[in-house]
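# Reading the structure
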Amino acid sequence: MATVDEQLKTLARGVESIIPLDEFRAKLEKSEKTGKPLHIKLGLDPTAPDIHLGFAVVLRKLRQFQDFGHRIDLVIGDFTGMIGDPTGKSITRPRLTDEQIVANAHTYEQQLTKILLPERTEMHRNSTWLSKISFADLIGILSKFTVARILEREDFSNRLAAGQPLHVHEIMYPVAQALDSVNLVSDVELGGLDQTFNIMAGRDLMRENGQEPQVGLFMPILVGLDGVKKMSKSLGNYVGIFESPSEQFGKTMSIPDEAMKQWFELTTDIPMDEVETLLAGHPMTAKKRLAHEIVTMYHSAADADAAQQAWEHQFSQREIPVDMPVAAIAAADLKDGRLWIVDLLKAAGIAKGTNEARRFVSNGGVSVNGEKVTDAAAEVPVTEGDILKVGRRYARVQIG
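Residues numbered from 1 in each chain as written. Predicted model: local features only at pLDDT ≥ 70, side-chain atom pairs only at ≥ 80, totals over all residues. Heavy atoms only, no water.

### Digging into the sheet that holds strand 12 (residues 387–390)
If you trace the five strands from one edge of the open sheet to the other, you get 7-13-12-9-10, paired in mixed fashion. Looking at the sheet topology across the chains shown, the edges are occupied by strand 7 (326–329) and strand 10 (371–372). Of the pairings in the sheet, the one linking strand 7 to strand 13 (residues 393–399) comprises four bridges and is parallel in character. Looking across to strand 13, one finds that Ala 327 is bridged to Val 397. (Pairing = 2+ DSSP bridges. Helix = DSSP H or I, 4+ residues; strand = E, 2+ residues; numbered from the N terminus.)

The structure is reproduced here in structure tokens:
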């Protein structure tokens, strides 16, 4: 079994903060001494999952814990889903129905085994314990919190200051999440920095109940294909872990050079000293290694080789430039993932107006990903990283 120092080195990679670090080391040392695995908790939103590389960052961290022999407690918030996590929201979130929550939880169970080991993963639904709390018990639990403490949450105080509604059921969310930790007696809880208040509330309530408080391990947010905004399906700037090898490879090759270091750190296991050597060399070589690593992880090395060869044949051998202008497309402008070819040409700055764009298309010099477009009325499928070519000019599609 790995030593505590070896575990710390791996588990701290790509982590924003561990609070408190000394308690985390103590828990690892206790686990090593007793032979008992730590229980690592992650709460999951009951909305329908679509696992992409951004979501996989925290799942990969859980897998590292599993590889060291620890156990994972995944909490499907089927009860708290009736509240809706208000974190970062300026308005009250709509409540989900029981049917929606059950269906979404089942989808999680199907998808998570792509990364996690089923034999070291336990799924929980927090309705198991939260639905059994009586009103008298709830009063006792709430007596351990103050209004001032709850209003320390910036999003709550901001909504009050702005005169926006803050409903009583919403301020119950961090209390409910803390109760999850108490019932599972969790050792470590993972989450983004936006979950700091909720996870720290779990520490407080566990201590109030005579339990050893959990440690908070906070993960950063992976930037999307644009290199700026959070990876998100709604923004179209994501790489899905169930996408084809060619899609994963091609999309990864489209990210800005500046985003590569974070992607290497959070989406691969390549040692960081090797990453630094790669980044000091040619950006194209480094990016190909990154794309190859990602495809290998979610498919196979053979699939990664084939995807790289196909990409090089399609792009490199056609001497498509590495750096090119961006055709910025708003996600809201897409209709079922399609856009009028004329609007695409104008967004790329290649055509100054509609008539010029129509003329380019009619002259037969327009293609998207190597596919010619000859109908000026055509609505073409558009995804992040697509290559638009007009004559000898190129543009890369960016959605967001």
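### Brief notes about the packing of aromatic side chains
Tallied over the full model, the rule gives three aromatic pairs. Look at Phe 24 and Phe 65: their rings are 6.2 Å apart centre to centre, the planes differ by 70°, and that puts the pair in the edge-to-face class. Taken together, the positions of Phe 24 in helix 2 (residues 21–34) and Phe 65 in helix 3 (residues 53–67) put the pair 41 residues apart, joining distant regions of the chain. Both rings, one in Phe 249 and one in Trp 311, keep their centres 6.3 Å apart while their planes meet at 55°; by these two values the pair is tilted. Highlighted residues: Phe 249 in helix 12 (residues 245–253) and Trp 311 in helix 16 (residues 301–314), separated in sequence by 62 residues. Assigned by exposure class, Phe 249 and Trp 311 land together as buried. Seen from the ring of Phe 156, Arg 153 lies directly overhead, with NZ or CZ sitting 4.3 Å from the centre. (Phe/Tyr/Trp six-rings, centres within 6.5 Å; stacked < 30°, edge-to-face > 60°. Buried < 20%, exposed > 50% of the residue type's maximum accessible area, 1.4 Å probe, protein only. Lys NZ or Arg CZ within 6 Å of the ring centre and 35° of its normal.)

### Points about helix 3
Here helix 3 spans 20 Å end to end across 15 residues, near enough to the 21 Å set by a 1.5 Å rise per residue. Counting buried positions along helix 3 yields twelve of 15 residues, so the element is predominantly enclosed. Within helix 3 the residues assigned to the buried category are Leu 53, Phe 55, Ala 56, Val 57, Val 58, Leu 59, Arg 60, Lys 61, Leu 62, Gln 64, Phe 65 and Gln 66. One or two residues past the end of helix 3 sits Gly 69, with phi positive at roughly 95°. (Expected span 1.5 Å × (residues − 1).)

### Focus: the pattern of salt bridges
Considering all chains together, one arrives at 21 salt bridges under this definition. One salt bridge in this structure joins Glu 23 and Arg 203, with 3.0 Å as the shortest N-O distance. Within this pair, whereas Glu 23 is found in helix 2, its partner Arg 203 is found in helix 11 (residues 196–208), the two being separated by 180 residues in sequence. In this structure Glu 23 comes out as partly exposed when scored by relative accessible area, which is 27%. Measuring nitrogen to oxygen at the nearest pair gives 2.9 Å for the salt bridge that ties Arg 289 to Glu 274. Of the two residues, Arg 289 is situated in helix 15 (residues 283–298) and Glu 274 in helix 14 (residues 272–280); the sequence distance between them amounts to 15 residues. The class for Arg 289 is partly exposed, based on a relative accessible area of 29%. By relative accessible area, which is 31% here, Glu 274 ends up partly exposed. Overlapping salt bridges bring together Lys 27, Lys 30, Asp 187 and Glu 212 as one network. (Salt bridge = Lys/Arg side-chain N within 4 Å of Asp/Glu carboxyl O.)

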